[in-house]
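Geometric and topological summary
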Amino acid sequence: MTRLRQTAGLDDLDRRLVLETQEGLPLERRPYAVLGERLGISGEEVRERLARLIDGGQIRRIAAVPNHYRLGYTHNGMTVWEVPEDRIDDAGAQVGALPFVSHCYHRRPSPPDWPYTLFAMVHGRSRDEVEAQVATIAALLGPASRGHQVLYSTRILKKSGLRLSA
Amino acid sequence: MDGTDRRLIDRLQDGFPLDDRPFQAIAAELGLDEDDVILRVRRLRETGVLTRFGPLFHAERMGGALLLAALKVPPEDFERVAAEVNALPQVAHNYARDHAFNMWFVLATETPEGISDAIAEIERRTGLTVHPMPKLAEYFVGLRFAA
């Protein structure tokens, strides 16, 4: 459980707003007004607060997250690339912009057996589709990557997500 | 799930407006009826096609911490170690992967200091070395799946 800390720049109403929306937005014609009623503020203030949290980066966006397995994306590969530090930001920006990449990070390597610095998650409806995506990334990076691997997930052992408690 | 559901799923992954009547705005964009859009989103949530619909929070910006870490688990110990790791409430996700580093999990803690405690606890319980893979930069985080 992750408790929201005062240091994150959230006031008490923000924290209550986060708690009220953890399970999602009310599926009503005026969802922000419904939230406002629960918090004792106007719908307009709810929208202003959400806009401020989006601007501050505490909320990435308001959107739907599909269960990708239900949409047929059953093949998931964590691709890892050995990109030197002086090229990593360019490489990351290029790979992160590909439409089939859902997450793209620079991570600290653990040499000698883990030299990989760039992580990109890719998703496909078949193993062949994922292999083609990996080939696309390899071509894009060219000599900027000294080597790569693809780690396929074989089983979900736990997926509880992040839950906040105020 | 029909073609209209698919168009809705595609559109709603891009972001939801902060309008007083946001479903009406989405409906107008897609040439649909507001109440029909709401009913469809409800059904997609209830049937689990959408795992979430609402604000997507950035844990680190809210004061929490996340860490991806890996373990090399001897195959004969895999189930025992999985149970030990999953028992920690700080473990938010855990995946088996086809590699010598065969177990990959994400730690999510209330404070940055909580991460090292969780690592120590996993090492104590499993007798294995945790390989932390801390994030140094983030280039893209999003979920864009063509429905």
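Going by the structure above, here's the rest.
Quick caveat, the model's predicted, so the values are computed rather than measured. (Residues numbered from 1 in each chain as written. Chains lettered and ligands numbered in written order. Predicted model: local features only at pLDDT ≥ 70, side-chain atom pairs only at ≥ 80, totals over all residues. Heavy atoms only, no water.)

Concerning the packing of aromatic side chains
The final tally for this structure, using the stated rule, is 9 aromatic pairs over all chains. Aromatic pair Trp114 of chain A and Tyr116 of chain A: ring centres 5.0 Å apart, planes at 75°, arrangement edge-to-face. When its relative accessible area of 0% is taken as the criterion, Trp114 of chain A is described as buried. Between Phe23 of chain B and Phe53 of chain B the ring centres are 6.1 Å apart and the planes differ by 40°, which places this aromatic pair in the tilted class. Placement of the pair is Phe23 of chain B in helix H2 (residues 22-30) and Phe53 of chain B in strand S1 (residues 50-57), with a sequence separation of 30 residues. Residues Phe23 of chain B and Phe53 of chain B agree in their burial class; the two are buried. A network of ring pairs unites the aromatic residues Trp114, Tyr116 and Phe119 of chain A together with Phe101 and Trp104 of chain B as a single cluster. Stacked on the ring of Phe119 of chain A, the Lys or Arg Arg107 of chain A has its end atom at 5.4 Å from the ring centre. (Phe/Tyr/Trp six-rings, centres within 6.5 Å; stacked < 30°, edge-to-face > 60°. Buried < 20%, exposed > 50% of the residue type's maximum accessible area, 1.4 Å probe, protein only. Helix = DSSP H or I, 4+ residues; strand = E, 2+ residues; numbered from the N terminus. Lys NZ or Arg CZ within 6 Å of the ring centre and 35° of its normal.)

With respect to the environment of Arg87 of chain A
All names here are of chain A. Its location among the elements puts Arg87 in the loop between strand S3 (75-81) and helix H4 (88-96). Judged by its relative accessible area of 40%, Arg87 is partly exposed. Linking Arg87 and Ala144, residues 57 residues apart in sequence, is a C-alpha distance of 6.7 Å. Residues contacting Arg87, with those up to four places away along its chain left out, are Pro143 and Ala144. (Contact = heavy atoms within 4.5 Å.)

Quick look at the interface of chain B and chain A
Each partner contributes to the interface: chain B provides 78 residues, whereas chain A provides 80 residues. Approximately 7600 Å² of surface area, both sides summed, lies buried where chain B meets chain A, with 56% of it carried by carbon and sulfur atoms. At the boundary of chain B and chain A, one finds 7 salt bridges. Across the pair Asp35 of chain B and Arg29 of chain A runs a salt bridge whose closest N-O atoms are separated by 2.6 Å. Where chain B touches chain A, the interface holds 42 residue pairs in polar contact (both at pLDDT 80 or more). Elements represented by at least two residues in the side of chain B that touches chain A include exactly helix H1 (3-12), H2, helix H3 (34-46), S1, helix H4 (78-86), strand S3 (91-97), strand S4 (103-109) and strand S6 (135-141) of chain B. For the side of chain B that touches chain A, the element with the highest residue contribution is S1 of chain B, accounting for 8 residues. Per-class residue counts for the side of chain B that touches chain A are 44 nonpolar, 16 polar and 18 charged. Pairing between strand S4 (residues 101-107) of chain A and S6 of chain B: 5 bridges, direction antiparallel. Residue pairing across strands places Tyr105 of chain A opposite Glu138 of chain B, the latter belonging to S6 of chain B. (Buried area = accessible area lost by both parts, 1.4 Å probe. Salt bridge = Lys/Arg side-chain N within 4 Å of Asp/Glu carboxyl O. Polar contact = N/O pair within 3.5 Å; in protein donor to acceptor, adjacent residues only side chain to side chain. Nonpolar A, V, L, I, M, F, W, Y, C, P; charged D, E, K, R; others polar. Pairing = 2+ DSSP bridges.)

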